[in-house]
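Here is how the chains run, residue by residue.
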Amino acid sequence: MLMKKKQSALVLAGLCILFMAAMFLFSSQPYKEQDMRPELEKLVRLDANTLPKIEFYYGGALVTSTLPYDFIEFWIRKSCHVAEYAVCTLLILLTLRTVLVPVRFAVPAGFLASFFYANFDEWHQSFVSGRTGHFIDVITFDSFGILIGVCLFLWFTRRKKSR
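All of the points below concern the structure found in this document.

Focus: the overall build of the chain
Okay, so step 1: Each helix and strand counted, the chain has six helices and two strands in total.
Okay, so step 2: Reading the chain from its N end, one meets helices and strands in the order α-α-α-β-β-α-α-α.
Okay, so step 3: Dimensions of the chain, computed from the C-alpha atoms along their principal axes, are close to 60 × 35 × 30 Å.
Okay, so step 4: Within the chain, the fraction of its 163 residues that count as buried is 35%.
Okay, so step 5: Within the chain, contacts between residues separated by at least 24 positions form 66% of all contacts whose residues are at least 6 apart in sequence.
Okay, so step 6: Working note: accessible area of the chain is about 10300 Å², and carbon and sulfur atoms make up 69% of it.
Okay, so step 7: Here the chain carries 18 positive and 13 negative side-chain charges, and the mean point of each set is 19 Å from the other.

Some remarks on the pairing of strand β1 (residues 55-58)
Okay, so step 1: Where β1 lies against strand β2 (residues 61-64), four bridges are found, and the strand directions are antiparallel. Paired with Phe56 across the two strands is Val63, which belongs to β2.
Okay, so step 2: Connecting β1 to the next strand, β2, in antiparallel fashion are two residues, including Gly59 with a positive phi near 60°.

Regarding the nonpolar core
Inside soluble globular proteins, nonpolar side chains tend to come together where they are buried.
Okay, so step 1: The biggest cluster of nonpolar side chains holds 13 residues, and the ones touching the most others in it are Cys16, Met20, Met23, Tyr85, Cys88 and Tyr117.
Okay, so step 2: Of all elements in the fold, only α1 (2-28), α4 (68-98), α5 (103-125) and α6 (135-161) reach the threshold of two or more residues within this core.
Okay, so step 3: Discounting chain neighbours no more than four positions away, the residues touching Cys16 are Cys88, Leu91, Ile92 and Thr95.

Re unusual backbone geometry
Okay, so step 1: Notably, Leu100 is not glycine yet its phi reads approximately 70°, a positive angle.
Okay, so step 2: Within the fold, Leu100 resides in the loop between α4 and α5.

Re the packing of α4 against α6
Okay, so step 1: Where α4 contacts α6, the axes come no closer than 7 Å and their chain directions differ by 40°. Judged by the inter-axis angle, α4 sits oblique to α6. In the crossing of α4 with α6, the sense of the turn from one axis to the other is right-handed. For the pair formed by α4 and α6, the contact residues are Phe74, Trp75, Lys78, His81, Val82, Tyr85, Ala86, Thr89, Leu90, Leu93, Leu94 and Arg97 on the first element and Asp137, Phe141, Asp142, Phe144, Gly145, Ile146, Ile148, Gly149, Val150, Leu152, Phe153 and Phe156 on the second.
Okay, so step 2: Along the lines of polarity and charge, the residues of the contact of α4 with α6 split into 16 nonpolar, four polar and four charged.

Regarding α5
Okay, so step 1: For α5, built from 23 residues, the straight-helix expectation of 33 Å at 1.5 Å per residue is met to within 8% by its first-to-last C-alpha distance of 32 Å.
Okay, so step 2: Taken together, the buried positions of α5 are Ala106, Val107, Gly110, Ser114, Phe115, Tyr117, Ala118, Asp121, Glu122, His124 and Gln125.

Regarding the packing of aromatic side chains
Aromatic rings in a pair are described by how distant their centres are and how their planes are angled relative to each other.
Okay, so step 1: Tallying each qualifying case throughout the model produces 14 aromatic pairs.
Okay, so step 2: When the ring of Phe71 is compared with that of Trp75, the centres are 6.4 Å apart and the planes differ by 75°; the resulting orientation is edge-to-face. Of the two residues, Phe71 and Trp75 are both situated in helix α4; the distance of four residues between them amounts to about one turn of the helix.
Okay, so step 3: Since its relative accessible area comes to 9%, Phe71 is described here as buried.
Okay, so step 4: Accessibility expressed as a relative area gives 35% for Trp75, which makes it partly exposed.

With respect to a nonpolar patch on the surface
Okay, so step 1: The grouping of Phe24, Leu25, Phe120, Trp123 and Phe127 at the surface amounts to a nonpolar patch, some 560 Å² of accessible area in total.
Okay, so step 2: Going through the elements one at a time, α1 and α5 are the ones with two or more residues in the nonpolar patch.
Okay, so step 3: Examined against the element boundaries, Phe127 turns out to sit in the loop between α5 and α6.

Criteria and cut-off values
- Residues numbered from 1 in each chain as written.
- Predicted model: local features only at pLDDT ≥ 70, side-chain atom pairs only at ≥ 80, totals over all residues.
- Heavy atoms only, no water.
- Helix = DSSP H or I, 4+ residues; strand = E, 2+ residues; numbered from the N terminus.
- Buried < 20%, exposed > 50% of the residue type's maximum accessible area, 1.4 Å probe, protein only.
- Contact = heavy atoms within 4.5 Å.
- Areas by Shrake-Rupley, 256 points an atom, 1.4 Å probe, with all protein chains shown as cover.
- Lys, Arg positive; Asp, Glu negative; His and termini not counted.
- Charge placed at Lys NZ, Arg CZ, Asp CG, Glu CD.
- Pairing = 2+ DSSP bridges.
- Core = buried A, V, L, I, M, F, W, Y, C linked by side-chain atoms within 4.5 Å.
- Axes fitted to C-alpha atoms, helices over the stretch in contact; angles between N-to-C directions.
- Parallel < 35°, antiparallel > 145°, perpendicular 65-115°, else oblique.
- Left-handed = near helix turned anticlockwise from the far one by under 90°.
- Nonpolar A, V, L, I, M, F, W, Y, C, P; charged D, E, K, R; others polar.
- Expected span 1.5 Å × (residues − 1).
- Phe/Tyr/Trp six-rings, centres within 6.5 Å; stacked < 30°, edge-to-face > 60°.
- Patch = residues over 30% accessible without salt bridge, like charges linked within 9 Å, V, L, I, M, F, W, Y side chains within 5 Å.
- Salt bridge = Lys/Arg side-chain N within 4 Å of Asp/Glu carboxyl O.

Written as structure tokens, this is what we have:
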């Protein structure tokens, strides 16, 4: 049984490290290599009046639906932030539980590990051509993803206990 736990822990830790490495590699790509707008333009025809008028400032830049491809790309990218940090946090928490860290310690440790990685990732992006590192990403979308990961972990943990 102990050997199986060790193997599970190694597999989960490996998946976690690979996932974080993939996140790092994507963050290392210049923006122009990840620009989704040309593909969006091929998929759907939009103009300045297609979407309801929504405007706000995020990280010092105007996000407006009057530039529909930019607006859609913004929400796709931020949704990816949420999803990737939910998965990252879940992998960290599962790894910690597999090595028998109690839930009451695993949750704050997993939250903090993901939060620190999100900060590191934003800092790293500030050195990449055409990219910006914004702390607002960490405290909004990344943290929301981290909270989703924690909630999923707690849901799975409670569900498993009730069986």
